[in-house]
Amino acid sequence: MVHLHTFTQRKNRETLLATFRMSKKHMLLAGSALYMAAAGAGYVYFSRNKEPFSSNSAGVGAPQNTDKTWAELAKTYDERVGTDELLIGMTMLRRLLCRHAHGDVLEVAVGTGRNLSYLTDKASTLTLTDRNGPMLSVALEKLGVPTSQQATAPAITTTVTPSHSPSLTSSSASPASPSLTDSTVTSTSSWEGFSKVGANKTPLRARVASVEQLPFSDNSFDTVVDTFGLCSCVDPVVALREIQRVCRPDGVILLLEHGRSDYNWMTRLLDANADKHAATWGCWWNRDIRAAIATADLVVETLYTWHFGTTYYIIARPHKSSSS
């Protein structure tokens with residue numbers, strides 16, 4: 001009886017410890033999710049009070065062209081957003097998304113290259129584009145391409161036909177993003193060549209180009225990556241169709257984007273501060289990402305939202321019938 005009682009006590013203790021360990025794991029996961037949500041909401045709330053980076057963009061209304069804002073931000077962008085991205089889990093989301101990259105990889109709207117450390121060893125070849133030369137220059141420096149080797153060419157102007165989809169703009173209580181009505185995009189044809197980067201010596205090329213008119217042939221890439229690019233382009237629907245055009249039929253499209261929330265109170269907050277945020281950061285954080293995806297006929301396989309529905313994590317495939 002003593003041995004049976006001792007055995008029963010031991011089993012009960014082991015069961016209790018196993019339950020505690022499982023509960024602890026669940027509590028950690030729940031706590032992490034709650035922290036990320038709260039941090040994301042806090043970031044949205046407090047970032048509305050940040051002063052515009054450029055004194056020239058602090059006037060009434062949103063800037064028609066945010067290229068100057070991005071150029072001014074280029075050298076300090078990583079320093080300004082790095083801590084915020086880490087605290088709200090954006091760095092983790094970038095890493096998780098880029099795990100799905102493979103083959104010939106194109107990253108559009110690469111900015112300062114905040115995904116590059118997750119892509120170089122995943123890609124057979126890596127192609128980078130951004131419409132802003134100073135931003136792309138910072139990204140190339142991270143890959144060991146000094147500015148002295150980053151030759152430039154004269155700017156060229158290309159025409160983009162906006163979709164004028166009313167569902168992509170903010171609510172009627174907030175003015176629509178004026179960038180949706182722009183008819184042209186200025187794109188500078190930058191240097192094009194190859195370099196060796198990453199642990200696997202991945203071949204690299206880079207172009208300064210707008211995502212709405214990519215200088216590549218149809219079906220050129222196995223993976224197309226765009227993180228926080230739909231918020232700053234002229235027309236997100238045109239951008240998504242162009243991304244699908246250059247992606248191979250069996251390829252994958254990886255998106256991490258700002259957008260309107262399913263929570264009305266959060267969307268009202270985004271709308272109320274959209275102009276100021278665009279003047280500060282050059283992006284429209286209140287665009288309707290779901291509507292853009294539906295209008296562009298993107299085939300979505302995975303869609304998660306974070307930060308009270310304002311951050312979209314998307315794994316998709318191209319719908320090739322829409323890309324011609």
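Residues numbered from 1 in each chain as written. Predicted model: local features only at pLDDT ≥ 70, side-chain atom pairs only at ≥ 80, totals over all residues. Heavy atoms only, no water.

Here we take up the pairing of strand S1 (residues 103-107). Burial analysis of S1 places five of its five residues in the buried class, which makes it a mostly covered element. As paired elements, S1 and strand S2 (residues 123-130) share five bridges and run parallel to each other. By the bridge assignment for S2, valine 105 is matched with leucine 126. Sheet topology note: the S1/strand S7 (residues 221-227) ladder contains three bridges and is parallel. Considered in S7, the bridge of glutamate 107 is made with valine 225. (Buried < 20%, exposed > 50% of the residue type's maximum accessible area, 1.4 Å probe, protein only. Helix = DSSP H or I, 4+ residues; strand = E, 2+ residues; numbered from the N terminus. Pairing = 2+ DSSP bridges.)

Here the focus is empty space enclosed by the protein. The tally for this structure, following the rule as stated, stands at two cavities of 30 Å³ or more. Approximately 520 Å³ is the volume found for the largest cavity. Around the largest cavity sit 35 residues that line it, and Trp70, Tyr77, Thr227, Phe228 and Ser232 are the ones nearest its centre. Elements with a minimum of two residues in the lining of the largest cavity: helix H3 (77-87), helix H4 (90-98) and helix H9 (274-281). (1 Å grid on protein atoms, 1.4 Å probe; cavity = no way out; pocket = protein on both sides within 12 Å on 5 of 7 lines; lining within 4 Å. Points joined across faces, edges and corners; volume = space filled by probe spheres on them.)

For the coordinates displayed, the defined rule picks out six aromatic pairs. Taken together, a centroid distance of 6.0 Å and an interplanar angle of 75° make the contact between tyrosine 263 and phenylalanine 308 edge-to-face. Taken together, the residues tyrosine 263 in the loop between strand S8 (247-258) and helix H8 (264-272) and phenylalanine 308 in the loop between strand S9 (299-306) and strand S10 (311-317) connect sequence positions 45 residues apart. Judged by centre distance (5.5 Å) and plane angle (70°), the ring pair of tryptophan 265 and phenylalanine 308 falls under edge-to-face. With tryptophan 265 in helix H8 and phenylalanine 308 in the loop between S9 and S10, this pair connects stretches of sequence that are 43 residues apart. By relative accessible area, which is 28% here, phenylalanine 308 ends up partly exposed. Three or more aromatic residues joined by ring pairs make a cluster, and in this case those are Trp70, Tyr77 and Trp281. (Phe/Tyr/Trp six-rings, centres within 6.5 Å; stacked < 30°, edge-to-face > 60°.)

This part covers the nonpolar core. Leu126 and Leu128 are the most contacted members of the largest nonpolar core, which has 36 residues in total. Mapped onto this core, the elements with two or more residues apiece are H4, helix H5 (116-119), S2, helix H6 (133-142), strand S6 (202-208), S8, H9 and S10. Top element by residues in this core is H4. It accounts for four residues. Dropping the residues within four chain positions of it, leucine 126 is found in contact with Val105, Leu116, Leu119, Thr120, Thr202, Pro203, Leu204 and Arg205. Counting residues in each nonpolar core, the second largest holds 25 residues, with Val224, Leu240, Ile243 and Leu255 among its members. (Core = buried A, V, L, I, M, F, W, Y, C linked by side-chain atoms within 4.5 Å. Contact = heavy atoms within 4.5 Å.)

Below, the discussion takes up the side chain of glutamate 242. Mapped onto the elements of the fold, glutamate 242 is located in helix H7 (residues 236-246). What glutamate 242 contacts, discounting residues up to four positions off in sequence, is Val211, Glu212, Gln213 and Leu214.

What follows deals with H7. In terms of residue burial, H7 counts as a mostly covered element, since ten of its eleven residues are buried. Burial in H7 covers these residues: Pro236, Val237, Val238, Ala239, Leu240, Glu242, Ile243, Gln244, Arg245 and Val246. For H7, the secondary structure elements touched by its buried residues are S1, S7, S8, helix H10 (289-295) and S10. The N-cap residue of H7 is aspartate 235: its side-chain oxygen and the backbone nitrogen of valine 237 are 2.9 Å apart. (Polar contact = N/O pair within 3.5 Å; in protein donor to acceptor, adjacent residues only side chain to side chain.)

This part takes up the pairing of S2. Regular strands have side chains that alternate between both faces of the sheet. Most of S2 is tucked away, with six of its eight residues classed as buried. For S2 and S6, the ladder comprises five bridges, and the chain directions are parallel. Paired with threonine 129 across the strands is arginine 207, a residue of S6.

This part is about the pattern of salt bridges. Taken as a whole and assessed by the stated rule, the structure comprises twelve salt bridges. Between glutamate 85 and arginine 114 there is a salt bridge, with the nearest N and O atoms lying 3.1 Å from each other. Highlighted residues: glutamate 85 in helix H3 and arginine 114 in the loop between S1 and H5, separated in sequence by 29 residues. Taking relative accessible area as the criterion, glutamate 85 reaches 8% and is therefore assigned buried. Each of the salt bridges in this network shares a partner with another, and the network as a whole consists of Asp78, Glu85, Arg94, Arg114 and Lys142. (Salt bridge = Lys/Arg side-chain N within 4 Å of Asp/Glu carboxyl O.)

This brings us to the state of the cysteines. Within the structure shown, the criterion is met by zero disulfides. For cysteine 231, which is in no disulfide, the shortest distance to another cysteine sulfur is to cysteine 283 and amounts to 3.8 Å. With relative accessibility at 2%, the residue cysteine 231 sits in the buried group. (Disulfide = S-S within 2.5 Å.)

One non-glycine residue, alanine 109, lies in positive phi territory at about 50°. Position of alanine 109 relative to the elements: it lies in the loop between S1 and H5. At phenylalanine 228, a position not held by glycine, the phi torsion is positive, near 55°.

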